[in-house]
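Listed below, chain by chain, are the residues.
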Amino acid sequence: MTIGDVAARSGVAVSALRYYEAEGLVSCERTAGGARRFPRSVLRRLAFIRAAQNVGLSLPEIRAALATLPEGRTPTARDWARLSETWRARLDEQIAALVQLRDGLSACIGCGCLSLSRCALSNPGDTAAAHGPGARWLSPALRRVPPTSNSGRSRGASRPAGVGAPGRKEGP
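Asker: What's the story with the overall build of the protein in this structure? I'm lost.
Answerer: Within the protein, the secondary structure is distributed over seven helices and two strands. Moving toward the C terminus, one meets the helices and strands of the protein in the order α-α-β-β-α-α-α-α-α. Buried positions account for 35% of the 172 residues belonging to the protein. Nonlocal contacts in the protein, meaning residues at least 24 apart in sequence, comprise 53% of its contacts between residues at least 6 apart. Entry remark: accessible area of the protein is about 10400 Å², with carbon and sulfur atoms responsible for 56%.

Asker: I'm lost on helix H2 (residues 14-22) in this one. Help?
Answerer: An α-helical segment advances 3.6 residues per turn. Residues three or four places apart therefore align on the same side. What H2 keeps buried is the set Ala-16, Leu-17, Tyr-19 and Tyr-20. Axial view of H2: buried residues confined to an arc of 165 degrees, hence all on one face. Contacts made by the buried residues of H2 are with helix H1 (3-10), helix H3 (42-55) and helix H4 (59-67). Count one or two residues on from H2 and you reach Gly-24, which has phi positive near 80 degrees.

Asker: Help me out: how do you make sense of the confidence of the model for the protein in this one?
Answerer: Detailed reading of the predicted model is not advised wherever pLDDT is low. Per-residue confidence for the protein gives a mean pLDDT of 75; residues scoring 70 or more make up 64%. Least confident of the elements in the protein is helix H7 (residues 140-143), whose mean pLDDT is 67; most confident is H1, at 96. Contacts of residues 148-172 to residues separated by more than four positions or lying in other chains number 39 contacts, the stretch itself having pLDDT below 50.

Conventions adopted
Residues numbered from 1 in each chain as written. Predicted model: local features only at pLDDT ≥ 70, side-chain atom pairs only at ≥ 80, totals over all residues. Heavy atoms only, no water. Helix = DSSP H or I, 4+ residues; strand = E, 2+ residues; numbered from the N terminus. Buried < 20%, exposed > 50% of the residue type's maximum accessible area, 1.4 Å probe, protein only. Contact = heavy atoms within 4.5 Å. Areas by Shrake-Rupley, 256 points an atom, 1.4 Å probe, with all protein chains shown as cover. Arc of directions from axis to C-beta. pLDDT = per-residue confidence, 0-100.

Structure follows, in structure tokens:
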């Protein structure tokens, strides 16, 4: 499949496909003219990458998971199930954190989340500021920040918009 075909079928931007290739998440063959040709199995890998990003996995975590797949054959449903099973605890943590957030919204949408000095309900005197910056009383699962390090990336490589950000859609 051409890169345009893969982009159209998967909903992943061409720039993201190039980035994923550079990061070793997907691979392709090159024609004599240098054009990329992807195997059809890349569509499953891209669906896995999207699902993993939605769970909150970073690209290095996704790369490590994909590295456990068998070489030389298309991964089976059992292979994908084995990989996704490791996400169960992470998803359970995120679900519990979202329920806690939902239940707390009716009391005060900002209570302690950003160490607001004016919040007399849950953060009088800005006591949360002593515990560090950011959303101190928001569940850690909801304030997890994707890694910003460039480790493992080639010099000058840039990340296309939406790549690696959970819940963001690549493409048009």
